[in-house]
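# Understanding the architecture of this molecule
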Amino acid sequence: ASTAGLIAPVLVGPRERIERIAHEHRLDLGEMRIVDADSPLASAQRASALVHAGEARFLLKGSLHSDELIKGIAARKAGLLTRRRVSHIFVMDIPSHERLLLIADAAINVAPNLRVKRDITQNAIDLAHTLGITQPNVAVLSATEEVNPAVPSSVDAAALRDMTQRGDIVGGIVDGPLAFDNAISAAAAQIKGIASPVCGAVDIMIVPGVEAGNILYKSLVYLSDAVAGGVVLGLRVPVVLTSRADSMESRVTSAAIACLLAHERGTGEPKPGWR
């Protein structure tokens, strides 16, 4: 990402180890700044302090575990929390699909309640705007298209649709409950008699919980050769949570998304042309 000119990295962690790894892989760190920290938690805390002080514009996870990073940045003294719930969004580029597909939340919120799903939905809509999707279509997924008290995700989906109509969620068209086939295929929706502007033109999928989201995005990556870029919203700055199994393309894509968000927050203007 640095070589591509996307970022000017500040490396936070054990200086000796960072320099050794760079030497082993013949990486020239040049004038790159290194902030010494002797543990994963200390690294997360010092990185958060750099952002809070305005010396960095977003956080990108290195080799520490995600829960260690979240613990460091979610502490009140880090100064990065907002009133919005923290959530993760994957941006999927699928070769067989003509538009980007955003999936939330497949990484942080395990079993979100309705209030949390509202923030997950709004965070995803906000990211879609940054990517140039001015009026994103949002499908709230369930196992059924009917509201069924025995399927809690279907009840929440209908509630999120109603919240949007009341103005509690803004900036997108939200519909649900919708099964995956109806959201992705206009033909499948037509066969089932579902009339919705979201069906067949979905930009964002809100999943019932982390298990469904995790399985969905990994299925697309490993079976459909999708590239997944991910970012955490709900904090004062974007946070990139990479996985040890992520490809280099996925990592650089995630950094690019965070750059777009940082640019928007720095100028107040979304960067156009990224649909």
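Residues numbered from 1 in each chain as written. Predicted model: local features only at pLDDT ≥ 70, side-chain atom pairs only at ≥ 80, totals over all residues. Heavy atoms only, no water.

## Quick look at the pattern of salt bridges
One pass over the structure, following the stated rule, counts 11 salt bridges. Across the salt bridge formed by arginine 33 and glutamate 55, the nearest N and O atoms sit 2.8 Å from each other. A residue pair is termed long-range when its members are at least 10 positions apart, and arginine 33 in strand S2 (residues 33–36) and glutamate 55 in the loop between helix H2 (40–52) and strand S3 (59–60) qualify at 22 residues. Here the salt bridges do not stand alone but share partners, grouping Glu145, Asp181 and Lys192 into one network. (Salt bridge = Lys/Arg side-chain N within 4 Å of Asp/Glu carboxyl O. Helix = DSSP H or I, 4+ residues; strand = E, 2+ residues; numbered from the N terminus.)

## Quick notes on the packing of helix H4 (residues 114–130) against helix H5 (residues 152–166)
Contact geometry of H4 with H5 gives a least axis separation of 10 Å together with a crossing angle of 55°. Between H4 and H5, the crossing angle belongs to the class labelled oblique. Every pair of crossing elements has a handedness; the one defined by H4 and H5 is right-handed. Residues Leu114, Lys117, Arg118 and Thr121 of H4 pack against Ser153, Asp156, Ala159, Leu160 and Met163 of H5. Residues that form the contact of H4 with H5 fall into these classes: four nonpolar, two polar and three charged. (Axes fitted to C-alpha atoms, helices over the stretch in contact; angles between N-to-C directions. Parallel < 35°, antiparallel > 145°, perpendicular 65-115°, else oblique. Left-handed = near helix turned anticlockwise from the far one by under 90°. Contact = heavy atoms within 4.5 Å. Nonpolar A, V, L, I, M, F, W, Y, C, P; charged D, E, K, R; others polar.)

## As for the nonpolar core
Counting 27 residues, the largest nonpolar core has Ile89, Val91, Leu102, Leu127, Leu131, Ile204 and Ile206 as the members making the most contacts within it. Of all the elements in the fold, those that place two or more residues in this core are strand S4 (87–93), strand S5 (101–104), H4, strand S6 (137–141), H5, strand S8 (204–206), strand S9 (227–233) and helix H9 (248–267). In contact with isoleucine 204, other than residues within four places in its own chain, are Leu102, Ala124, Ile125, Ala128, Pro136, Asn137, Val138 and Ala139. Grouped together as the second largest cluster of nonpolar side chains are 21 residues, Ala106, Leu178, Val202 and Met205 included. (Core = buried A, V, L, I, M, F, W, Y, C linked by side-chain atoms within 4.5 Å. Buried < 20%, exposed > 50% of the residue type's maximum accessible area, 1.4 Å probe, protein only.)

## Considering the pairing of S9
Of all seven residues making up S9, seven are buried, and the element is well covered by its neighbours. The alternating pattern of S9 places Val227, Gly229, Val231 and Leu233 and Ala228, Gly230 and Val232 on opposite faces, both of which are buried. Where S4 lies against S9, seven bridges are found, and the strand directions are antiparallel. What sits directly across from methionine 92, in S9, is alanine 228. (Pairing = 2+ DSSP bridges.)

## Re the packing of H2 against helix H3 (residues 66–74)
For the pair H2 and H3, interaxial distance at closest approach is 8 Å and the crossing angle is 45°. Taken together, the axes of H2 and H3 lie oblique to each other. Handedness of the H2/H3 crossing: right-handed. On the side of H2, the interface is formed by Pro40, Leu41, Ala44, Gln45 and Ser48, while H3 contributes Glu68, Leu69, Lys71, Gly72 and Ile73. Here the contact of H2 with H3 is built from residues that sort into five nonpolar, three polar and two charged.

## Let's talk about the side chain of asparagine 109
Tracing the backbone through its elements, the reader meets asparagine 109 in the loop between S5 and H4. With relative accessibility at 4%, the residue asparagine 109 sits in the buried group. Separated by 2.9 Å, the side chains of asparagine 109 and arginine 85 make a polar contact. Among the polar contacts made by the side chain of asparagine 109, one reaches the main-chain carbonyl oxygen of valine 86 at a distance of 3.0 Å. Contact partners of asparagine 109, with chain neighbours within four places excluded, come to Arg85, Val86, Ser87, Val116, Ile120 and Val210. (Polar contact = N/O pair within 3.5 Å; in protein donor to acceptor, adjacent residues only side chain to side chain.)

## Points about the environment of valine 147
Residue position: valine 147 is located in the loop between S6 and H5. The class of valine 147 is partly exposed, set by a relative accessible area of 47%. Considered as a pair, valine 147 and proline 40 are 107 residues apart in the sequence and their alpha carbons are 45 Å apart. Once residues lying within four places of it in the same chain are set aside, the contact partners of valine 147 are Ser154, Val155, Ala158 and Pro177.

Remember that the coordinates give geometry; whether it matters functionally is a separate question.
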